[in-house]
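Residue-level structure breakdown
Letter by letter, the chains look like this.
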Amino acid sequence: MTSTTAPAGDQRGAYFEQLYQQDADPWRVRERWYEERKRALLLACLPQRRYRNAYEPGCGNGELTLELARRCERLLAADFSAEALLLAQQRLADAGQAGNVAFERHKLPQDWPRTTKGAEKFDLIVVSEIAYYLSADELALLVEHSVASLAPGGSIALCHWRAPFAQRILSTVRVHDAFQHAPGLHCLLRHEETDFLLGVWSNDERSVAQKEGFA
Ligand SMILES: C[S@@+](CC[C@H](N)C(=O)[O-])C[C@H]1O[C@@H](n2cnc3c(N)ncnc32)[C@H](O)[C@@H]1O
């Protein structure tokens, strides 16, 4: 069982900032086949072809952001690293895909965008390789915010590396279980590999075929 508390004197922001300043692609998401394939799987698992208003916290250097932007009318991409946000913005601008993406500096879970006071809810929330950096209390808040800001019929997709590593606070199983047991969410899909877990939850339990009206 992994520890469930944030590190004393929380240095998590500084850790990521330094990482991106030293290396624009610390996890080799742009060159590894592992990453390319995982992104393709995640994108294939999203139950809708198009999304109106999506949120991707922890967007990193924007590789997944670019693919999501191609499926969304509007995408809010956020990270607590200013350097990561610059890299992501550059990536989307270079690909000519920046027009429908807003970038904001958010520290999760406290900076979760407010969608309750008249603002439009998200029909897609993608949490990829970020939630195991949170403490147990922060994870609980992440789940609460995700459920509360999900539009009717919307989906939450999670994808996380399984093996333990030094900076991880919570295990991947613990993170995905928190969404599995969240009131009001139904699991639409669970993909399990030696390396990672991928899951999709929605507040609408109908399958893709049921929603399209032929099942
Ligand atoms: C491993 S990278 C994943 C990037 C991208 N989502 C992907 O799947 O390739 C984790 C990212 O989450 C960001 N991050 C970690 N903890 C965060 C937090 N509490 N709030 C906001 N961003 C955070 C880091 O700065 C980093 O860019």
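Look up: the structure comes first, before these words.
Residues numbered from 1 in each chain as written. Predicted model: local features only at pLDDT ≥ 70, side-chain atom pairs only at ≥ 80, totals over all residues. Heavy atoms only, no water.

1. Quick word on the pairing of strand E5 (residues 150-161)
Along E5, ten of the twelve residues are buried, which leaves the element largely enclosed by surrounding structure. Following the backbone out of strand E4 (residues 122-128), through helix H5 (residues 136-148) and into the adjacent parallel E5, one traces a crossover that is right-handed. As paired strands, E5 and strand E7 (residues 196-202) are joined by seven bridges and run antiparallel to one another. Each bridged residue has a counterpart across the sheet, and for Leu158 the counterpart in E7 is Gly199. (Buried < 20%, exposed > 50% of the residue type's maximum accessible area, 1.4 Å probe, protein only. Helix = DSSP H or I, 4+ residues; strand = E, 2+ residues; numbered from the N terminus. Right-handed = clockwise from strand over helix to strand, strands pointing away. Pairing = 2+ DSSP bridges.)

2. A closer look at the site of the ligand
Taken together, the neighbourhood of the ligand is formed by 18 residues, with Tyr20, Gly58, Asp79, Leu108 and Ser128 sitting nearest. In the environment of the ligand, an oxygen atom lies 2.6 Å from a nitrogen or oxygen atom belonging to the side chain of Tyr20. A distance of 3.3 Å is found between a nitrogen atom of the ligand and a backbone nitrogen or oxygen belonging to Phe80. Comparing atom positions with the cavity grids shows the ligand to sit within the largest pocket. Here the residues of the shell around the ligand sort into ten nonpolar, five polar and three charged. (Near = heavy atom within 4 Å. Polar contact = N/O pair within 3.5 Å; in protein donor to acceptor, adjacent residues only side chain to side chain. 1 Å grid on protein atoms, 1.4 Å probe; cavity = no way out; pocket = protein on both sides within 12 Å on 5 of 7 lines; lining within 4 Å. Sits in = over half its atoms within 2 Å of the grid points. Nonpolar A, V, L, I, M, F, W, Y, C, P; charged D, E, K, R; others polar.)

3. Some words on the packing of H5 against helix H6 (residues 172-180)
At their nearest, the axes of H5 and H6 sit 10 Å apart, and the two run at 35° to each other. Here H5 runs over H6; the crossing is right-handed. Where H5 approaches H6, its residues Ala136, Leu139, Leu142, Val143 and Ser146 are matched on the opposing element by Arg174, Val175, Ala178 and Phe179. When grouped by side-chain class, the residues that make up the contact of H5 with H6 number seven nonpolar, one polar and one charged. (Axes fitted to C-alpha atoms, helices over the stretch in contact; angles between N-to-C directions. Left-handed = near helix turned anticlockwise from the far one by under 90°. Contact = heavy atoms within 4.5 Å.)

4. Description of unusual backbone geometry
For the bond from Leu108 to Pro109, the omega torsion is 0°, close enough to zero to count as cis. Along the chain, the position of Pro109 falls in the loop between strand E3 (101-105) and E4. A positive phi is found at Arg28, a non-glycine position, where the angle reads about 55°. Mapped onto the elements of the fold, Arg28 is located in the loop between helix H1 (12-22) and helix H2 (33-45). Of note in the backbone geometry, Glu129 takes a positive phi value of approximately 60° without being a glycine. Among the secondary structure elements, Glu129 is positioned in the loop between E4 and H5. Residue Glu129 is classed as buried on the basis of its relative accessible area, which comes to 18%.

5. Thoughts on the pattern of salt bridges
In the structure shown here, the tally under the stated rule is 16 salt bridges. The shortest N-O distance in the salt bridge between Glu192 and Arg190 comes to 3.2 Å. Taking the relative accessible area as the measure of exposure, Glu192 reaches 46% and is therefore partly exposed. Here the salt bridges do not stand alone but share partners, grouping Arg52, Arg74, Glu120 and Asp123 into one network. (Salt bridge = Lys/Arg side-chain N within 4 Å of Asp/Glu carboxyl O.)

6. Details of H6
Taken as a whole, H6 has its buried residues at Thr172, Val175, His176, Ala178 and Phe179. What you see down the axis of H6 is that its buried residues fit within an arc of 150°, all on one side. Buried residues in H6 make contact with H5, E5 and E7. (Arc of directions from axis to C-beta.)

7. Considering the layout of surface pockets
With a probe scaled to a water molecule rolled over the atoms, the places where space remains empty come into view. Put simply, the largest pocket is a space of about 790 Å³. In terms of lining, the largest pocket is formed by 37 residues, of which the most central are Trp27, Ser128, Glu129, Tyr132 and Tyr133. Taken together, the elements giving at least two residues each to the lining of the largest pocket come down to H1, H2, strand E1 (51-57), helix H3 (63-69), strand E2 (72-79) and E5. Here the lining of the largest pocket takes five residues from H2, the largest share from any one element. In this model, the second largest pocket occupies a volume close to 170 Å³. Lining the second largest pocket are Pro47, Gln48, Arg49, Val208, Lys211 and Glu212. Considering only residue class, the lining of the second largest pocket consists of two nonpolar, one polar and three charged. (Points joined across faces, edges and corners; volume = space filled by probe spheres on them.)

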